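What follows is each chain in one-letter form.
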Number of protein chains: 2
Amino acid sequence: MRELTVDLGERSYPIYIGEGLLSEASSYFQRHGISKRSPLMIITNDEIAAHYLAPLQTELEAGGYRVHSAIIPAGENSKSLDMLGELVGEALEAGLDRKSAIVALGGGVVGDLAGFVAASYMRGIKFVQLPTTILAHDSSVGGKVAVNHPLAKNIIGAFHQPEFVLYDLYTLQTLPLREVKAGLSEVVKHGLIWDAEFVDWCEKHANDLLALSPDALGYALHKGCGVKAVVVSQDETEQGLRAILNLGHTIGHALEAVAGYNELLHGEAISIGMVGSARLAMKFGAPSQVYEQTKRTLAKLGLPVVLPEKYDVDKVMSAMMHDKKFAEGTMVFVLPTAIGKVEIRRDIPVDWVREVLEQLKLEDEQQ
Amino acid sequence: MRELTVDLGERSYPIYIGEGLLSEASSYFQRHGISKRSPLMIITNDEIAAHYLAPLQTELEAGGYRVHSAIIPAGENSKSLDMLGELVGEALEAGLDRKSAIVALGGGVVGDLAGFVAASYMRGIKFVQLPTTILAHDSSVGGKVAVNHPLAKNIIGAFHQPEFVLYDLYTLQTLPLREVKAGLSEVVKHGLIWDAEFVDWCEKHANDLLALSPDALGYALHKGCGVKAVVVSQDETEQGLRAILNLGHTIGHALEAVAGYNELLHGEAISIGMVGSARLAMKFGAPSQVYEQTKRTLAKLGLPVVLPEKYDVDKVMSAMMHDKKFAEGTMVFVLPTAIGKVEIRRDIPVDWVREVLEQLKLEDEQQ
Ligand SMILES: NC(=O)c1ccc[n+]([C@@H]2O[C@H](COP(=O)([O-])OP(=O)(O)OC[C@H]3O[C@@H](n4cnc5c(N)ncnc54)[C@H](O)[C@@H]3O)[C@@H](O)[C@H]2O)c1
Ligand SMILES: NC(=O)c1ccc[n+]([C@@H]2O[C@H](COP(=O)([O-])OP(=O)(O)OC[C@H]3O[C@@H](n4cnc5c(N)ncnc54)[C@H](O)[C@@H]3O)[C@@H](O)[C@H]2O)c1
Ligand SMILES: [Zn+2]
Ligand SMILES: [Zn+2]
C-alpha cells in the first residue's frame, strides 16, 4: 500500500493507493470520522456499478454505515446542472444531512459531479473519492469539482477537497485499454513538468503499465498524484504555478473542440498537444532530445503523437484563439525547456504555432 | 452615511448604508478593486429594473465599467438551478472572466441567486450586493447564498462573501408596504436576540419606520446588520451560535409550509413565530413583560401577532415535526429569556408547543 498527503493546511488529505482497498473501505471511513449516524450517498455510473457497487455497499453496510446509492448514465453528458438537481433530490429523499458524506465511485466524470453535489448540498458536506480510472489520479488531487454548461466545460463548480481518496488498483483491471492509455497520458505529463527520472521510468515500464501490472500502476499513480499534489499545494486556488499543469492542453483542448468531444479522448488530445509543445520549445532553443523523448514515451504507451491528416489546421488554430489564451498576435503556452522542466511563455508567435501543427500533420502523412 | 464591517478575517467586508449611494456606485467599485478590464454582470428582477437599473448602469459605465445586465422574473421561483444555468450562459456570452464581478441589485431572492452564480461561475468570482429591500439587511450579511430544489428551500448553495455591500436607502421608497413590514420583522428579531435598547427604539419609532424616514431606516438597518454581523463573525459556517438567528423560525417555517409559500410572507410568519416563542418562554419562567413587549412592538409595525383562525394547529404541528428539529417528544427552540437575550432549549415538550399555538389562535378569535 502506498500513501501520500495532499498538503493544504486545514484541508490536507491523504491518498491511499493499493490492491483491494475497497474491500476494507469501512475501516478507512471510520478512521476518517465519516459518521455512521447519518446516511451516505454513493454516486457512480452504470458501467462501474456493474462491477463494484454491490460489494462496496455490502462492505460499508457490514461496517455499520447506512448507504444510499445513485447511479448516473456513463459519459460526460452526466456532468450537468440537471443531474445535480436529480442527485440533490435523491440525497434529500435518502435523508442526507449536514453530517453525511457523498462518495464518488468512478472516474473524473463521477468525481467532478459528485464533488460538486458535496460542495453545494446544504452549502457543503463531506466528500470521499474512490477513483476507478487512471485519469482520476489527476482529478482526485486539487479539489476542483464542476459540472458543464452547454456553452463551456467545467464552468460551474467549486473548490471542495475530499476527506480522503481510496485508490483501489483492482478496479483498473476492467478499464477499457483506450481509457488506460488516455489516463497514462496525464501521468506522463506529470513527469514531463516536474520529474525527469520518472519520465525515464515511464518509458522503460510502458509495457508493464499497459499490461496493468499492479506494481507498475501503483508506482506510477503514486508519482503522478505526488507531482500534482506538490503543484496544487503551492497554489490551491489557481493563482499562478498551477498553470504548468496545462502542458499540452492549449493544443489539446483545441483538438477536442475540432474533433467533437467523443472522437478524441482528452488524454489522446493532450498527447498530441505535448508533442506539439515540445516541438514549439525547440524553436526557443530547447534540445531536440526533449521533443524526441516526449514523443517516444507517449508512443510506447500507444498514444497518438502526430496530428491525424483529417484535422484542418485552420480550424484547430481558430479553436485555439477562441480559447482566449491569445492576445495580439502572440499566444500563451507551457513549454518544456528540459525533460522534467517547463516554463510559461506569453510571447509565442501565432505563426510558429501554425508551423508546428503543419509539421505534426506532415508526420502523419510520412508514417 | 453609516458604515459597518462584517468581521470574517480575510473575508471581512464593509456595508455602507446611506441615501443616494447608487448614484456614486462606481467610486465604491473602484475603491474595492473591481476590475474595469473585465465585464461586470448586474443581476436584478423586472420590478427592480424598472426603477433602478438604467441609472445604475449609466453611472457604472460613466465610471469606465463594461456592464452587462441580466433581468430575471420577480419572485422566489427564480431561485432555481434552471435560472443558474441561464445566468451562467449570459455570463459566458457577455465574456465574464475570473476577474469579473457579479452584482446583485435587489432583495434576498436576487441576492441569494446572484451570490450562487458568483460562487460557482469559474469556481468563484467576485460578488457585490446592492440591497433594495429591508429584508436584505439580513440576507446581505453572512455569505449564505443558494437556490431552491423542488423538495427543499436553499438546499443547493455555498458560503460566498461579497466584496462590499452598498445599501441605498432611496431604493426603499418604492418597496411595497407589506414588504417593508415583513423586512422589519427580521430587524426586530435582531433586537430581540441581542439588544434590548434597540427593541425599545423600534417600539418608539415604529411610525417613522413605516413612514420610511431615511434617518430611522438607516439607524435600524445599521443596528440590524450589526447584530447579524457579530453573530456571523463568531460562527461563519454555522456550527453553533448562529442558531439564535432562528428565533421565531421554527413556528414561522411551519406556518409558511402550511399557508403555501405565497399567502404569508416570511417576515409575517416569523412575527407570529416570535410571539409564540415568547409565550413558550413564559412556561419556563420568562417574565410576561418579554411576551408583551415582543407582541406590542411587532403589532405597532403592522405585523401579525396572532395565529389566524383558518390555520389548522394539527397541520402546523406536523409541518414543524417534519422540520426535523424534533426528537422523541421534545423539540428544539430558540426562546427569549429577557428582551435582548435568548437561549436554545432542546427539551421543549411537544404538548407545550401545541398549547401555545392554540392560545395564539384563541387570541385571533378574541380580537
Ligand atoms: N477535477 C479535475 O481536476 C479534473 C482533472 C482532469 C479531468 N477531469 C475530468 O475528468 C473527466 C474524465 O475522467 P475519466 O477519463 O476518468 O472519465 P470517465 O469517468 O468518464 O471514465 C471513462 C470511461 O471509463 C468507464 N470506467 C471508469 N472506470 C471503470 C472501470 N474501473 N472499469 C470499467 N470501466 C470504467 C466509465 O464508465 C467511462 O465510460 C472529464 O470530465 C474531465 O473534465 C477533472
Ligand atoms: N442568504 C440569507 O442569509 C438569507 C436570509 C434571509 C432571507 N433570505 C432569502 O431572501 C429571500 C426573500 O428576500 P426579500 O424579502 O428581499 O424578497 P424579494 O427579493 O423577492 O423582494 C420582495 C419583493 O419586493 C420587490 N422589490 C424588491 N425591492 C424593491 C424596491 N426597491 N422597490 C420595489 N419593489 C421591490 C421584489 O421584486 C419582490 O417582488 C428568500 O428567498 C429568502 O430565502 C436569505
Ligand atoms: Zn487534462
Ligand atoms: Zn428569516
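Keep in mind the model is a prediction, meaning the values are calculated, not measured. (Residues numbered from 1 in each chain as written. Chains lettered and ligands numbered in written order. Predicted model: local features only at pLDDT ≥ 70, side-chain atom pairs only at ≥ 80, totals over all residues. Heavy atoms only, no water.)

**Q** Which residues make up the coordination of the zinc ion (ligand 3), and what values do they have?
**A** Residue and element names in this part refer to chain A. The protein atoms donating to the zinc ion (ligand 3) are Glu186 (OE), His249 (NE2) and His266 (NE2), with metal-donor distances spanning 1.9 to 2.2 Å. Every donor residue of the zinc ion (ligand 3) comes from the same chain, spaced as E-x62-H-x16-H. Here His266 lies in helix α11 (residues 266–283) and His249 lies in helix α10 (residues 249–259), a separation of 17 residues in the sequence. Residue His249 is classed as buried on the basis of its relative accessible area, which comes to 6%. When its relative accessible area of 22% is taken as the criterion, His266 is described as partly exposed. (Donors = N, O, S within 2.8 Å, 3.2 Å for Na, K, Ca; no water. Helix = DSSP H or I, 4+ residues; strand = E, 2+ residues; numbered from the N terminus. Buried < 20%, exposed > 50% of the residue type's maximum accessible area, 1.4 Å probe, protein only.)

**Q** Tell me what's going on with the sheet that holds strand β1 (residues 2–6) of chain A, and back it up with residues and numbers.
**A** Residue and element names in this part refer to chain A. Reading across the sheet, the seven strands line up as β1-β2-β9-β6-β5-β3-β4 and stay open at both edges, with mixed pairing between neighbours. Among the strands making up the open sheet, the edge pair consists of β1 and β4 (67–72). Strand-to-strand twist of the sheet, defined as the mean angle between neighbouring strand axes without regard to direction, takes the value 20 degrees. Sheet contacts for helix α4 (residues 108–120): β3 (40–45), β4, β5 (101–106) and β6 (126–131); angle to β5, the most-contacted strand, approximately 175 degrees. Packing against the sheet, helix α9 (residues 214–233) makes contact with β1, β2 (13–18) and β9 (164–168), and its axis sits at approximately 10 degrees to β1. (Pairing = 2+ DSSP bridges. Axes fitted to C-alpha atoms, helices over the stretch in contact; angles between N-to-C directions. Contact = heavy atoms within 4.5 Å.)

**Q** So what's going on with the coordination of the zinc ion (ligand 4)? Residues and values would help.
**A** The protein atoms donating to the zinc ion (ligand 4) are B:Glu186 (OE), B:His249 (NE2) and B:His266 (NE2), with metal-donor distances spanning 1.9 to 2.1 Å. Mapping the donors of the zinc ion (ligand 4) onto the primary sequence gives the spacing E-x62-H-x16-H.

**Q** Break down the relation of the copies chain A and chain B for me, with residues and values.
**A** Of the transformation placing chain A onto chain B, the axial shift is 0.0 Å and the rotation is 180 degrees, giving an RMSD of 0.0 Å. Within this description, the copies of the chain are treated as partners about a two-fold rotation axis. No C-alpha of chain A approaches the rotation axis more nearly than that of A:Leu81, which lies at 3.4 Å. The fraction of interface residues of chain A whose copies in chain B are also interface residues reaches 100%, indicating that both copies meet through the same surface. (Least-squares fit on C-alpha atoms with pLDDT ≥ 70 in both.)

**Q** Outline the site of ligand 2, supporting the account with residue identities and numerical values.
**A** Residue and element names in this part refer to chain B. What surrounds ligand 2 is a group of 25 residues, the closest being Glu47, Glu76, Gly108, Thr133 and Thr174. Contact distances for ligand 2 include 2.6 Å between an oxygen atom and a side-chain N or O atom of Glu47. One nitrogen or oxygen atom from the side chain of Lys79 is found 2.9 Å from an oxygen atom belonging to ligand 2. For the shell around ligand 2, the secondary-structure elements that each account for two or more residues are α2 (46–62), α4 (108–120), α5 (136–139) and β8 (152–159). Of the residues contributing to the shell around ligand 2, the split by class is seven nonpolar, nine polar and nine charged. (Near = heavy atom within 4 Å. Polar contact = N/O pair within 3.5 Å; in protein donor to acceptor, adjacent residues only side chain to side chain. Nonpolar A, V, L, I, M, F, W, Y, C, P; charged D, E, K, R; others polar.)

**Q** Pulling in residues and values, what's your account of the UniProt feature "binding site: Zn(2+)" (unreviewed entry) in chain A?
**A** Residue and element names in this part refer to chain A. Per the UniProt record, the feature "binding site: Zn(2+)" (unreviewed entry) sits at Glu186, His249 and His266. Spanning 81 residues, the named residues form one tight spatial group whose C-alpha atoms are at most 10.4 Å apart. Those residues in contact with His249 that sit more than four places away from it in its chain are Glu186, Lys189, His266 and Ile270. Setting aside residues no more than four positions away along its own chain, His266 makes contact with Leu135, Glu186, His249, His253 and Glu256. Here Glu256 takes part through its side chain, which lies 3.0 Å from a polar atom of the side chain of His266. (UniProt positions renumbered as here; feature names shortened; annotations may be inferred.)

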